[in-house]
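Per-entry structural report
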Amino acid sequence: MTYAATIFFLGRYRPAAFIGDHLHDVLCEVVDATEGCDAETRADIARWVIAAEEAMNPRRRNPAAAFSGEYGARGLSVRADPEYPGEAARIGASLPPCPGLAYPQPLTLEA
């Protein structure tokens, strides 16, 4: 199964998409990527990663989960078997990067 986790900033910064075969590994990549961010961003993302792991627990059978901060200005979305993994990152590619966030390698479109 493929999982995609996207950190989004609603038009302020470029979204970051993390894709992998294991939910826990993908969420660990998300947390690792925020190490250089400000404390508030790191705390929010860490809290949402914990909530996402609980919400996507196989016993619950949720195919997706999304979390956001006050007014939805930034957040985290997680999806199992996404139809278009990383689509938000491609759409927002022209936005500036979030300071301190370690973005994954750019996704390539399959021909």
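In the block above lies the structure referred to throughout.
Just so you know, the residues in each chain are numbered from 1, in the order the chain's sequence is written. With the structure being a predicted model, the display of local features is reserved for residues of pLDDT at least 70 and the display and counting of side-chain atom pairs for 80 or more, all residues being used for whole-chain, interface and lining totals. The side-chain numbers reported here are obtained from all heavy atoms of the structure, hydrogens and water having been left aside.

Exposure above 30% relative accessible area and no salt bridge define the residues that can form patches, which grow by joining like charges within 9 Å and nonpolar side chains of Val, Leu, Ile, Met, Phe, Trp and Tyr within 5 Å. Computed with the Shrake-Rupley method and a 1.4 Å probe, the accessible areas treat only the protein chains shown as cover for residues. By definition here, a salt bridge exists when the distance from a side-chain nitrogen of Lys or Arg to a carboxyl oxygen of Asp or Glu is within 4 Å. A positive count includes Lys and Arg, and a negative count includes Asp and Glu. His and the chain ends are not counted in either. One atom stands in for each charge, and that atom is NZ of Lys, CZ of Arg, CG of Asp or CD of Glu. A surface patch of negative charge is lined by Asp21, Asp25, Glu29, Asp32 and Glu35. The helix count covers DSSP runs of H or I at least four residues long, the strand count covers runs of E at least two residues long, and both are numbered beginning at the N terminus. Tracing the sequence through the fold places Asp32 in helix 1 (residues 23-33).

This next bit is on the side chain of Arg74. With respect to the helices, strands and loops of the structure, Arg74 is situated in the loop between strand 3 (64-68) and strand 4 (75-80). With a 1.4 Å probe rolled over the protein chains alone, any residue whose accessible area is under 20% of its type maximum counts as buried; one over 50% counts as exposed, and the rest are partly exposed. You can call Arg74 buried: its relative accessible area is 18%. A distance of 2.8 Å separates polar atoms of two side chains, one belonging to Arg74 and the other to Thr41. Setting aside its immediate chain neighbours within four residues, Arg74 contacts Phe8, Phe9, Glu40, Thr41, Asp44, Trp48, Phe67, Ser68 and Gly69. For this analysis, a polar contact is any N or O atom pair within 3.5 Å, provided that within protein one partner can donate a hydrogen and the other can accept it, and provided that sequence-adjacent residues contribute only side-chain to side-chain pairs. Contacts were defined at the residue level, with two residues in contact if any of their heavy atoms lie within 4.5 Å.

A relative accessible area of 47% places Asp32 in the partly exposed class. For the pair Asp32 and Leu101, spaced 69 residues apart in sequence, the C-alpha to C-alpha distance is 9.1 Å.

A cavity, in this analysis, means grid points on a 1 Å lattice covering only the protein atoms where a 1.4 Å probe fits yet has no way out; a pocket is instead an open set bounded by protein on both sides within 12 Å along at least five of seven lines, and a residue lines either one if it has an atom within 4 Å of a point. Grid points are joined across faces, edges and corners, and a volume is the space filled by probe spheres set on the points. As a volume, the largest pocket reaches approximately 260 Å³. Phe9, Arg12, Thr41, Ala73 and Arg74 are, among the 14 residues lining the largest pocket, the residues nearest its centre. Under the scheme applied, nonpolar residues are Ala, Val, Leu, Ile, Met, Phe, Trp, Tyr, Cys and Pro; charged residues are Asp, Glu, Lys and Arg; polar residues are all the others, including Gly. Taken together, the residues of the lining of the largest pocket sort by class into six nonpolar, two polar and six charged.

We now examine the packing of aromatic side chains. Pairing of aromatic rings covers Phe, Tyr and the six-membered ring of Trp, with a centre-to-centre limit of 6.5 Å; geometry is then stacked below 30 degrees between planes, edge-to-face above 60, and tilted otherwise. All chains considered together, the criterion is met by one aromatic pair. Consider the rings of Phe9 and Tyr13, whose centres lie 5.6 Å apart with planes at 85°: the pair is edge-to-face. As far as burial versus exposure is concerned, Phe9 and Tyr13 are alike and both buried. Above the ring of Tyr103, the side-chain terminus of Arg14 is found at 5.2 Å from the ring centroid. Charges are assigned to positions over rings by a cutoff of 6 Å between ring centre and Lys NZ or Arg CZ, combined with an angular limit of 35 degrees from the ring normal.

So, about the pairing of strand 3. Residues Ala65 and Phe67 line the buried face of strand 3, whereas the alternating positions Ala64, Ala66 and Ser68 sit on a face that is not buried. Pairing between strands requires that DSSP locate at least two bridges from one strand to the other. Here strand 3 runs beside strand 4; their pairing, made up of five bridges, is antiparallel. Paired with Ser68 across the bridge in strand 4 is Gly75. The antiparallel pairing of strand 3 with strand 4 creates a hairpin that spans six residues between the two strands, and Tyr71 there sits at a positive phi of about 65°.

With respect to the element layout, Glu83 can be found in the loop between strand 4 and helix 3 (87-91). Taking C-alpha positions, Glu83 is 9.9 Å from Thr2, a pair spaced 81 residues apart along the chain.

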